[in-house]
Amino acid sequence: AQKVTQTQTSISVMEKTTVTMDCVYETQDSSYFLFWYKQTASGEIVFLIRQDSYKKENATVGHYSLNFQKPKSSIGLIITATQIEDSAVYFCAMREYNNNNAPRFGAGTKLTVKP
Amino acid sequence: NSKVIQTPRYLVKGQGQKAKMRCIPEKGHPVVFWYQQNKNNEFKFLINFQNQEVLQQIDMTEKRFSAECPSNSPCSLEIQSSEAGDSALYLCASSLPRDSANTEVFFGKGTRLTVV
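All of the points below concern the structure found in this document.

Basis of the calculations
Residues numbered from 1 in each chain as written. Chains lettered and ligands numbered in written order. Predicted model: local features only at pLDDT ≥ 70, side-chain atom pairs only at ≥ 80, totals over all residues. Heavy atoms only, no water. Salt bridge = Lys/Arg side-chain N within 4 Å of Asp/Glu carboxyl O. Helix = DSSP H or I, 4+ residues; strand = E, 2+ residues; numbered from the N terminus. Buried < 20%, exposed > 50% of the residue type's maximum accessible area, 1.4 Å probe, protein only. Core = buried A, V, L, I, M, F, W, Y, C linked by side-chain atoms within 4.5 Å. Pairing = 2+ DSSP bridges. Axes fitted to C-alpha atoms, helices over the stretch in contact; angles between N-to-C directions. Phe/Tyr/Trp six-rings, centres within 6.5 Å; stacked < 30°, edge-to-face > 60°.

Time to look at the pattern of salt bridges. Scanning all chains against the criterion turns up five salt bridges over all chains. Here A:Arg50 and B:Glu104 are joined by a salt bridge, their closest N and O atoms 2.7 Å apart. Here B:Glu104 lies in the loop between strand S9 (88–95) and strand S10 (106–107) and A:Arg50 lies in strand S6 (residues 45–52), a pairing that spans two chains. The class for B:Glu104 is buried, based on a relative accessible area of 10%. Between A:Asp52 and A:Lys55 there is a salt bridge; the shortest N-O distance is 3.8 Å. When its relative accessible area of 39% is taken as the criterion, A:Lys55 is described as partly exposed. If you follow the salt bridges from partner to partner, you end up with A:Arg50, A:Asp52, A:Lys55 and B:Glu104 in one network.

Moving on to the nonpolar core. Counting residues in each nonpolar core, the largest one holds 25 residues, and the members touching the most others are A:Trp36, A:Ile75, A:Leu77, A:Tyr90 and A:Leu111. Those elements that place two or more of their residues in this core are strand S2 (10–14), strand S3 (19–21), strand S5 (32–39), S6, strand S8 (64–69), strand S9 (74–79), strand S10 (88–96) and strand S12 (109–114) of chain A. Of all the elements, S10(A) adds the most residues to this core, at four residues. Residues B:Phe49, B:Cys75, B:Cys92 and B:Leu113 belong to the second largest nonpolar core, which totals 20 residues.

All names here are of chain B. If you walk across this open sheet you meet the four strands as S1-S3-S8-S7, and the pairing is antiparallel. Taken across any chain shown, the strands that pair with only one partner, and hence form the sheet edges, are strand S1 (5–7) and strand S7 (65–68). Neighbouring strand axes in the sheet, compared pairwise and without regard to direction, differ in orientation by 15° on average. Across three bridges, S1 lies against strand S3 (residues 19–24) in antiparallel orientation. When the sheet's bridge partners are listed, Thr7 is paired in S3 with Arg22.

Another point: the packing of aromatic side chains. Throughout the structure, instances matching the rule amount to 18 aromatic pairs over all chains. Measuring from ring centre to ring centre gives 4.9 Å for A:Phe91 and B:Phe43, while their planes differ by 85°; the resulting arrangement is edge-to-face. On the criterion of chain membership, the pair formed by A:Phe91 in strand S10 and B:Phe43 in strand S5 (residues 43–50) is interchain, its members lying in two chains. In this structure B:Phe43 comes out as buried when scored by relative accessible area, which is 14%. Counting every residue linked through ring pairs, the aromatic cluster contains A:Phe35, A:Tyr37, A:Phe47, A:Phe91, A:Phe105, B:Phe33, B:Tyr35, B:Phe43, B:Phe45, B:Phe106 and B:Phe107.

What follows is the structure in structure tokens.
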């Protein structure tokens, strides 16, 4: 069965610093996709970045990057040069390739960026 | 910006009433998902479709919930007899098939249901 775990409930950082959010997952599938999303205060959920399990290179999009450690079933999100507007709840998710299971989401990490 | 359109944004129903919400997936996306997000931010999968066919659904959806994705019409999720515990944010998401090059799902802004 697939499972996604985010152990950090909330994180608070100062503006312009770097923050890392943790996520570990469980799957029996040999191929899968990992995602990070953020949910703003208005409730809108925005897709940020994706890592395909077969790719060794860590994905990077803008000031978001991933730390993919496949042997540890871990996919950390790194946000560099944080801005006030990065304050949101961040969700990790996984979608398996070899079945029709819907993406499974973690419980979320609330990030607060302080000026 | 999200291209998945959900209506209405807010819905208030009395216990026992029907509650219906709609979703227009992003153009070109044949796969549609419905999730329920509770006050603790937990995502609960309800049902998903590929084109008009149900791929998976949970037990709750099989009983009081009904959903469909007819061709050339919005997808819909309906609760036949609302209960207080159904109060939540209902999220519709769409995507390309899981074996495509881009597998991420995109969410609408949700329908916030309050059952009074």
